[in-house]
Amino acid sequence: MPNFELNTTFTQDDLSRLYASGSNVIVAKPNVGGAPNVAWIVYRPLIDNQITWEENYGIYASNIDIINGAQLMQMSKTEFPAAVGKSYALGAAGFFGPPSPGGTTGSYTAVNQYDNLPKGYLTFGLFQDATVDGALMRGSAVSAAPVIYNSTATMTPDTTIYLWIQSQVKSNTVVTNVTSPMTEVVFGGSVTTVSLVYDASSGQFMTAPKMGLVRGLELRHHLPSLF
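Described below are features of the structure shown in this document. (Residues numbered from 1 in each chain as written. Predicted model: local features only at pLDDT ≥ 70, side-chain atom pairs only at ≥ 80, totals over all residues. Heavy atoms only, no water.)

## So, the side chain of Lys29
Secondary-structure assignment places Lys29 in the loop between strand E2 (23-28) and strand E3 (38-39). What makes Lys29 buried here is its relative accessible area of 1%. Side chain to side chain, Lys29 and Glu55 meet in a polar contact 2.9 Å long. Contacts of Lys29, omitting those with residues within four sequence positions, involve Pro36, Trp40, Trp53, Glu55, Tyr57, Gln128, Val142, Asp158, Thr160 and Ile161. (Helix = DSSP H or I, 4+ residues; strand = E, 2+ residues; numbered from the N terminus. Buried < 20%, exposed > 50% of the residue type's maximum accessible area, 1.4 Å probe, protein only. Polar contact = N/O pair within 3.5 Å; in protein donor to acceptor, adjacent residues only side chain to side chain. Contact = heavy atoms within 4.5 Å.)

## So, the pairing of strand E10 (residues 121-132)
Note on strand geometry: in a regular strand, side chains alternate between the two faces of the sheet. Of all 12 residues that make up E10, 10 are buried, and the element is covered over most of its length. Pairing geometry for strand E6 (residues 58-62) and E10, over 5 bridges, is antiparallel. Bridge pairing in E10 links Ser62 to Thr123. Relative to strand E11 (residues 135-141), E10 runs antiparallel, the two being bridged by 5 bridges. Looking across to E11, one finds that Gln128 is bridged to Ser140. Between E10 and E11, which pair antiparallel one after the other, the connecting turn spans 2 residues, and Asp133 there sits at a positive phi close to 50 degrees. (Pairing = 2+ DSSP bridges.)

## Digging into the packing of aromatic side chains
Under the definition given, this model contains 10 aromatic pairs. Grouping aromatic residues by their ring pairs yields a cluster made of Phe4, Trp40, Trp53 and Phe187. Between Lys77 and the ring centre of Phe127, over which it is positioned, the NZ or CZ distance is 5.7 Å. (Phe/Tyr/Trp six-rings, centres within 6.5 Å; stacked < 30°, edge-to-face > 60°. Lys NZ or Arg CZ within 6 Å of the ring centre and 35° of its normal.)

## Considerations on the pattern of salt bridges
By the definition in use, this model includes 3 salt bridges. A salt bridge links Asp14 to Arg17, with the nearest nitrogen and oxygen atoms 3.3 Å apart. Remark: Arg17 and Asp14 occur in helix H1 (residues 12-21); sequence separation between them is 3 residues, near one turn of the helix. (Salt bridge = Lys/Arg side-chain N within 4 Å of Asp/Glu carboxyl O.)

This is the structure we're talking about:
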(Lines give C-alpha, C1' and ligand atoms only; values in the text may rest on other atoms or scores of the structure.)
Protein backbone atom coordinates (compact mmCIF):
# COMPACT_ATOMS: atom_id res chain seq x y z
CA MET A 1 0.00 0.00 0.00
CA PRO A 2 1.31 3.51 -0.79
CA ASN A 3 2.54 5.90 1.87
CA PHE A 4 1.47 9.54 1.79
CA GLU A 5 2.81 12.70 3.44
CA LEU A 6 1.15 16.07 3.98
CA ASN A 7 3.19 19.06 5.15
CA THR A 8 1.54 22.32 6.24
CA THR A 9 3.23 25.60 7.14
CA PHE A 10 1.92 28.59 9.10
CA THR A 11 3.33 31.96 10.16
CA GLN A 12 3.62 33.14 13.76
CA ASP A 13 0.76 35.57 13.12
CA ASP A 14 -1.38 32.67 11.83
CA LEU A 15 -0.70 30.67 14.97
CA SER A 16 -1.56 33.61 17.21
CA ARG A 17 -4.91 34.06 15.47
CA LEU A 18 -5.73 30.37 15.57
CA TYR A 19 -4.81 30.10 19.24
CA ALA A 20 -6.89 33.16 20.16
CA SER A 21 -9.93 31.77 18.34
CA GLY A 22 -9.50 28.17 19.53
CA SER A 23 -9.20 26.99 15.93
CA ASN A 24 -7.42 23.87 14.71
CA VAL A 25 -6.70 22.15 11.41
CA ILE A 26 -9.31 19.57 10.38
CA VAL A 27 -8.36 16.75 7.98
CA ALA A 28 -11.08 14.57 6.46
CA LYS A 29 -11.31 11.85 3.81
CA PRO A 30 -14.33 10.76 1.75
CA ASN A 31 -15.38 7.43 0.35
CA VAL A 32 -15.27 7.32 -3.43
CA GLY A 33 -18.16 9.30 -4.89
CA GLY A 34 -19.09 11.00 -1.62
CA ALA A 35 -18.24 13.96 0.57
CA PRO A 36 -16.38 13.64 3.89
CA ASN A 37 -18.54 13.61 7.02
CA VAL A 38 -15.98 12.65 9.71
CA ALA A 39 -13.07 14.62 11.18
CA TRP A 40 -10.33 12.03 10.77
CA ILE A 41 -7.51 14.16 12.21
CA VAL A 42 -7.71 17.40 14.19
CA TYR A 43 -4.44 19.04 15.24
CA ARG A 44 -3.22 22.27 16.78
CA PRO A 45 -0.72 23.53 14.20
CA LEU A 46 2.88 24.55 14.69
CA ILE A 47 5.01 26.55 12.25
CA ASP A 48 5.80 23.34 10.33
CA ASN A 49 3.63 20.23 10.51
CA GLN A 50 3.80 16.75 9.03
CA ILE A 51 1.14 14.04 8.70
CA THR A 52 2.01 10.63 7.27
CA TRP A 53 -0.20 7.63 6.65
CA GLU A 54 -0.37 4.36 4.77
CA GLU A 55 -3.38 3.30 2.72
CA ASN A 56 -4.48 0.60 5.14
CA TYR A 57 -7.92 0.53 6.77
CA GLY A 58 -10.02 -1.29 9.31
CA ILE A 59 -13.81 -1.48 9.61
CA TYR A 60 -15.68 -0.39 12.74
CA ALA A 61 -19.25 -0.51 13.99
CA SER A 62 -20.79 2.02 16.36
CA ASN A 63 -24.16 2.55 18.02
CA ILE A 64 -23.66 6.33 17.75
CA ASP A 65 -25.94 8.18 15.34
CA ILE A 66 -24.48 10.41 12.64
CA ILE A 67 -25.14 13.80 14.19
CA ASN A 68 -22.76 16.75 13.93
CA GLY A 69 -20.26 16.65 16.79
CA ALA A 70 -21.00 13.04 17.80
CA GLN A 71 -17.93 11.06 18.89
CA LEU A 72 -17.78 7.76 17.04
CA MET A 73 -17.27 5.29 19.86
CA GLN A 74 -16.35 1.97 18.27
CA MET A 75 -18.33 -0.90 19.79
CA SER A 76 -16.48 -3.38 17.57
CA LYS A 77 -13.79 -3.34 14.89
CA THR A 78 -12.02 -5.71 12.55
CA GLU A 79 -8.38 -6.61 12.43
CA PHE A 80 -6.08 -3.88 11.17
CA PRO A 81 -5.40 -3.76 8.37
CA ALA A 82 -8.59 -5.35 7.14
CA ALA A 83 -8.50 -7.43 3.97
CA VAL A 84 -9.62 -5.48 0.94
CA GLY A 85 -12.04 -7.29 -1.35
CA LYS A 86 -13.34 -9.49 1.47
CA SER A 87 -16.52 -9.42 3.58
CA TYR A 88 -16.70 -9.08 7.38
CA ALA A 89 -19.86 -9.93 9.31
CA LEU A 90 -20.72 -8.25 12.61
CA GLY A 91 -22.41 -11.19 14.33
CA ALA A 92 -25.11 -11.56 16.97
CA ALA A 93 -22.46 -11.58 19.73
CA GLY A 94 -21.32 -8.09 18.73
CA PHE A 95 -17.92 -8.76 17.17
CA PHE A 96 -16.59 -9.09 13.64
CA GLY A 97 -15.76 -12.54 12.34
CA PRO A 98 -12.85 -13.38 10.04
CA PRO A 99 -12.84 -12.21 6.42
CA SER A 100 -14.82 -14.32 3.98
CA PRO A 101 -15.52 -14.28 0.23
CA GLY A 102 -18.26 -12.04 -1.06
CA GLY A 103 -16.56 -8.66 -1.01
CA THR A 104 -15.95 -6.19 -3.85
CA THR A 105 -12.58 -5.66 -5.49
CA GLY A 106 -10.93 -2.50 -4.17
CA SER A 107 -13.52 -2.05 -1.41
CA TYR A 108 -14.18 -3.06 2.20
CA THR A 109 -17.43 -4.88 2.92
CA ALA A 110 -19.31 -5.35 6.21
CA VAL A 111 -22.58 -7.14 6.95
CA ASN A 112 -24.71 -6.01 9.89
CA GLN A 113 -25.98 -9.17 11.60
CA TYR A 114 -26.21 -7.57 15.05
CA ASP A 115 -29.83 -7.39 16.23
CA ASN A 116 -30.40 -4.13 18.08
CA LEU A 117 -34.07 -3.85 17.20
CA PRO A 118 -36.24 -1.81 17.55
CA LYS A 119 -33.55 0.71 16.54
CA GLY A 120 -32.52 -1.69 13.81
CA TYR A 121 -29.37 -0.01 12.48
CA LEU A 122 -25.76 0.76 13.38
CA THR A 123 -23.14 3.16 12.05
CA PHE A 124 -20.38 1.51 10.02
CA GLY A 125 -17.24 3.07 8.60
CA LEU A 126 -13.53 2.79 7.97
CA PHE A 127 -10.77 3.75 10.39
CA GLN A 128 -7.12 4.50 9.69
CA ASP A 129 -3.87 5.19 11.55
CA ALA A 130 -1.75 8.29 10.98
CA THR A 131 1.32 9.95 12.47
CA VAL A 132 0.90 13.65 13.28
CA ASP A 133 4.06 15.60 14.06
CA GLY A 134 5.72 12.40 15.27
CA ALA A 135 2.79 11.21 17.43
CA LEU A 136 0.92 8.07 16.35
CA MET A 137 -2.85 8.47 16.14
CA ARG A 138 -4.43 5.01 16.11
CA GLY A 139 -7.77 3.97 14.72
CA SER A 140 -9.47 7.30 14.07
CA ALA A 141 -12.64 7.00 12.00
CA VAL A 142 -12.49 8.11 8.38
CA SER A 143 -16.12 7.60 7.35
CA ALA A 144 -19.56 6.88 8.79
CA ALA A 145 -22.82 5.61 7.29
CA PRO A 146 -25.99 4.01 8.76
CA VAL A 147 -26.48 0.32 7.96
CA ILE A 148 -29.74 -1.40 8.85
CA TYR A 149 -29.99 -4.89 10.35
CA ASN A 150 -29.17 -7.68 7.88
CA SER A 151 -27.85 -5.21 5.30
CA THR A 152 -24.42 -4.85 3.70
CA ALA A 153 -22.12 -1.82 3.56
CA THR A 154 -19.55 -1.50 0.77
CA MET A 155 -16.93 1.17 1.51
CA THR A 156 -14.43 2.29 -1.13
CA PRO A 157 -11.82 4.68 0.31
CA ASP A 158 -10.52 7.64 -1.64
CA THR A 159 -6.95 8.97 -1.48
CA THR A 160 -8.30 12.53 -1.68
CA ILE A 161 -8.18 14.57 1.53
CA TYR A 162 -9.89 17.78 2.62
CA LEU A 163 -8.49 20.23 5.15
CA TRP A 164 -9.80 23.41 6.68
CA ILE A 165 -9.69 25.56 9.82
CA GLN A 166 -12.43 25.31 12.46
CA SER A 167 -12.98 25.47 16.21
CA GLN A 168 -14.84 23.06 18.49
CA VAL A 169 -14.16 19.99 16.35
CA LYS A 170 -12.38 16.86 17.63
CA SER A 171 -10.78 13.89 15.91
CA ASN A 172 -12.97 10.84 15.38
CA THR A 173 -16.21 12.84 15.37
CA VAL A 174 -18.98 13.51 12.88
CA VAL A 175 -18.61 16.88 11.16
CA THR A 176 -21.42 17.95 8.85
CA ASN A 177 -21.34 21.66 9.72
CA VAL A 178 -18.25 23.10 8.04
CA THR A 179 -17.69 26.80 8.75
CA SER A 180 -14.54 27.58 6.72
CA PRO A 181 -13.39 27.15 3.12
CA MET A 182 -12.09 23.65 2.42
CA THR A 183 -9.02 22.75 0.38
CA GLU A 184 -9.28 19.49 -1.56
CA VAL A 185 -5.98 17.67 -2.24
CA VAL A 186 -5.92 14.68 -4.57
CA PHE A 187 -3.21 12.18 -3.61
CA GLY A 188 -2.41 9.10 -5.64
CA GLY A 189 -0.37 8.09 -8.66
CA SER A 190 2.79 10.19 -8.72
CA VAL A 191 1.51 12.45 -5.94
CA THR A 192 2.65 10.99 -2.62
CA THR A 193 3.99 14.10 -0.84
CA VAL A 194 2.27 17.49 -0.76
CA SER A 195 3.50 20.68 0.94
CA LEU A 196 1.03 23.50 1.55
CA VAL A 197 1.06 26.92 3.18
CA TYR A 198 -1.90 28.51 4.93
CA ASP A 199 -3.15 31.71 3.28
CA ALA A 200 -4.83 33.87 5.92
CA SER A 201 -6.35 36.23 3.33
CA SER A 202 -8.47 33.44 1.84
CA GLY A 203 -8.61 30.99 4.76
CA GLN A 204 -7.38 28.28 2.40
CA PHE A 205 -4.21 26.28 1.74
CA MET A 206 -1.95 26.89 -1.25
CA THR A 207 0.97 25.02 -2.80
CA ALA A 208 4.18 25.89 -0.94
CA PRO A 209 6.19 28.29 -3.17
CA LYS A 210 9.53 26.63 -2.45
CA MET A 211 8.17 23.31 -3.70
CA GLY A 212 6.68 24.69 -6.89
CA LEU A 213 3.88 22.71 -8.50
CA VAL A 214 3.88 19.00 -7.79
CA ARG A 215 3.29 17.02 -10.97
CA GLY A 216 -0.25 15.72 -11.01
CA LEU A 217 -1.23 17.64 -7.86
CA GLU A 218 -4.79 18.91 -7.78
CA LEU A 219 -5.96 21.60 -5.36
CA ARG A 220 -9.60 22.63 -5.29
CA HIS A 221 -11.24 25.06 -2.92
CA HIS A 222 -14.78 24.73 -1.63
CA LEU A 223 -16.95 27.18 0.26
CA PRO A 224 -18.49 26.03 3.56
CA SER A 225 -21.76 25.28 1.74
CA LEU A 226 -20.25 22.01 0.42
CA PHE A 227 -22.27 20.02 2.98
